[in-house]
Amino acid sequence: MSDPVATGEQAVVADAPAGTDETVAVGGPTATSEQAAAVGASGGTDETVAVGGPAAAGEPAPPWAMLAELTHGCPLHCPYCSNPVGLIPRSRELATADWVRVMREAAALGVVHAHLSGGEPLLRADLTEITAAAARAGIYTQLVTSGVGLDRARLAELVEAGLHSVQLSVQDATAAASDLIAGTRSFAAKEKAAELVRETGLPLGLNVVLHRRNLDSVDGIVELALKWGAERVELANTQFYGWALRNRRALLPTRDQLARAKESVERWRERLEGVELIWVVPDYFDGVPKPCMGGWGAISLTVGPDGSVLPCPAAYDLPLEFPNVRDHSLAWIWERSQAFDAYRGTAWMSEPCMSCSRRDVDFGGCRCQAYALTGDARRTDPACGLAPDHHLITELVESAGEGTLVYRRPERPARSPAPSRVGSATPAAD
Amino acid sequence: MTTGAWRPAVAPAVILRHDPVRGTDLLVMPERIVMLNDEAAAVLRLCDGGRTVTEIVDELRGDFPEAPVAADVPEFLAQVRAEGWVR
């Protein structure tokens, strides 16, 4: 036996204990059903380092994690929702047998971790079967839920099927404030869901998407998480994709708000033991882009409700043709498809990324954000202070202010556009 | 404060498993995967809540007579306990 605490072959991550080779932050820190696009796309926690790096020549290293977006349906109407504006209707969702096969293929490909997410995954009547298929394949499963629809019987079924952990979203520290952002009465259901999860002994994480309307409540949010028995709290500053782009002006915080919230988080970290506080950085403010997905096609993949496979959950709008599990194996998609190869490694980069010393650290930032803001996915993410387009971000930050939130509309089939309930600052009546 | 009488166990939220695709052992937990080297995995596999640290050290000493396990194993266990991966 060589020295079990030897540090020779490891140390990719600064704080990994000796003997552990490296840690991989999977799924990303902002994996809530309402903020799915930020999964991994954000990658930007300030404490864990996503390992991956540019793909070596030849076969890409296998993926660690999969975000399974089981449905785009969701009982909540959060204005910060980062799912695409055009949701996939329930009629186009994968069948149970498709998901069972996806789980098997994912495990064989190297996926260790799956987020069962959405939308609200509890809307899938076959969630238990899908969970069981993942668990059978040896995949660690985390349910990412709003908590709405989680009763004792349903949770018992999921635990029996092999579910490993639960991440619950909450929108603010109090029932009134949380329900106002969610656009529907849901806080009581969340509180009940947290209690049920604690009864099972499964690890419970709380996820709160932060923005102008709730950043001043960080202390109350942490107190709530402690009261509910959460072991991890992800304080995820809003990532602007999909529906959230419509509300950017009203959701972007002030620099003062952010600084105060960050200080609160630091104070809590000094006091807390056994509870992990994750602060997902808001990339509009620091001039530092987030390391997109830990590298495009490097660590994780997203399977959408209709079987589309994307390197990043925010990528729906990119001008790429995304392969589908109905047509190809996950292995082919990961290793051979053009979409997964498009921004892998660094060869696709242009200046200033190409010659930048940080190109293997942040991978030029987020491709989806570069495309959304400049129309060219190969440009440097405007969130980067070195980007020629950085002024776009600073202008947005400066123009932020109070404004009306546009609630996410209930899902409707794409062929009959839903009438918009816009301009209302009160929860939609359900 | 690792004592010889402590009976370490991998935390309930943490799974210790082999990864046949990568040929390595892993600790898997919410939002994180930790790759283990062979020695770390050998220690953790013995953390079943039944064996004391002393017993774990004795067992590994038999398997790895050349290594300074008496010093290194308790130190490693203290580190992974501080991470919350072992109780």
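This is a predicted model, so every value here is computed, not measured. (Residues numbered from 1 in each chain as written. Chains lettered and ligands numbered in written order. Predicted model: local features only at pLDDT ≥ 70, side-chain atom pairs only at ≥ 80, totals over all residues. Heavy atoms only, no water.)

**Student:** Tell me about helix α2 (residues 53-63) of chain B, residues and numbers included.
**Tutor:** Every α-helix winds through 3.6 residues per turn, so residues three or four apart in the chain are directed the same way. All names here are of chain B. Listed as buried for α2 are Val 53, Ile 56, Val 57 and Leu 60. Viewed along the axis of α2, the buried residues span an arc of 100 degrees, placing them on a single side of the element. Buried residues belonging to α2 abut α1 (38-45) and α3 (69-82). (Buried < 20%, exposed > 50% of the residue type's maximum accessible area, 1.4 Å probe, protein only. Helix = DSSP H or I, 4+ residues; strand = E, 2+ residues; numbered from the N terminus. Arc of directions from axis to C-beta. Contact = heavy atoms within 4.5 Å.)

**Student:** Describe the packing of helix α6 (residues 218-228) of chain A against helix α8 (residues 255-271) of chain A, with residues and values.
**Tutor:** All names here are of chain A. Two elements in contact, α6 and α8, have axes separated by 9 Å at closest approach and are oriented at 35 degrees. Residues Val 218, Asp 219, Val 222, Glu 223 and Leu 226 of α6 touch α8, and the partners they reach there are Ala 261, Ser 264, Val 265, Arg 267 and Trp 268. When grouped by side-chain class, the residues that make up the contact of α6 with α8 number six nonpolar, one polar and three charged. (Axes fitted to C-alpha atoms, helices over the stretch in contact; angles between N-to-C directions. Nonpolar A, V, L, I, M, F, W, Y, C, P; charged D, E, K, R; others polar.)

**Student:** Explain the pairing of strand β1 (residues 15-19) of chain B to me, using residue names and the numbers behind them.
**Tutor:** All names here are of chain B. In the sheet, β1 pairs with strand β2 (residues 24-29) via five bridges, with the strands oriented antiparallel. When the sheet's bridge partners are listed, Arg 17 is paired in β2 with Leu 26. What sits between the antiparallel neighbours β1 and β2 is a turn of four residues, in which Gly 23 has the positive phi angle 65 degrees. (Pairing = 2+ DSSP bridges.)

**Student:** Go over the UniProt feature "domain: Radical SAM core" (unreviewed entry) in chain A, please, and point to the residues and values.
**Tutor:** Sequence positions flagged by UniProt for "domain: Radical SAM core" (unreviewed entry) are, in local numbering, residues 60-276 of chain A. Secondary structure content for residues 60-276 of chain A is 41% helix and 16% strand, while the C-alpha to C-alpha distance between its ends is 32 Å. (UniProt positions renumbered as here; feature names shortened; annotations may be inferred.)

**Student:** Hey, could you go over α6(A) for me, with residue numbers and the actual values?
**Tutor:** Residues and elements named next belong to chain A. Within α6 the residues assigned to the buried category are Val 218, Ile 221, Val 222, Leu 224, Ala 225 and Trp 228. With its buried residues spanning 155 degrees around the axis, α6 presents them on a single face. Backbone geometry just downstream of α6 places Gly 229 in the positive-phi region, at approximately 85 degrees.

**Student:** Give a description of the side chain of His211(A) that names residues and reports values.
**Tutor:** Residue and element names in this part refer to chain A. In this structure, His 211 sits in the loop between β6 (204-210) and α6. By relative accessible area, His 211 is classed as buried at 1%. Residues in contact with His 211, not counting those within four places in the same chain, are Tyr 80, Ile 181, Thr 238 and Leu 251.

**Student:** Go over the sheet that holds strand β8 (residues 276-280) of chain A with me, naming the residues and quoting the values.
**Tutor:** Residue and element names in this part refer to chain A. With mixed pairing, the nine strands of this open sheet are ordered in space as β8-β7-β6-β5-β4-β3-β2-β9-β10. The sheet is open, and its two edges are formed by β8 and β10 (309-310), each paired on a single side. Across two bridges, the pairing between strand β9 (residues 300-303) and β10 is antiparallel. If you follow Val 303 over to β10, its bridge partner there is Val 309. Lying on the sheet, α6 is in contact with β5 (165-169), β6, β7 (232-237) and β8; it crosses β6 at an angle near 165 degrees.

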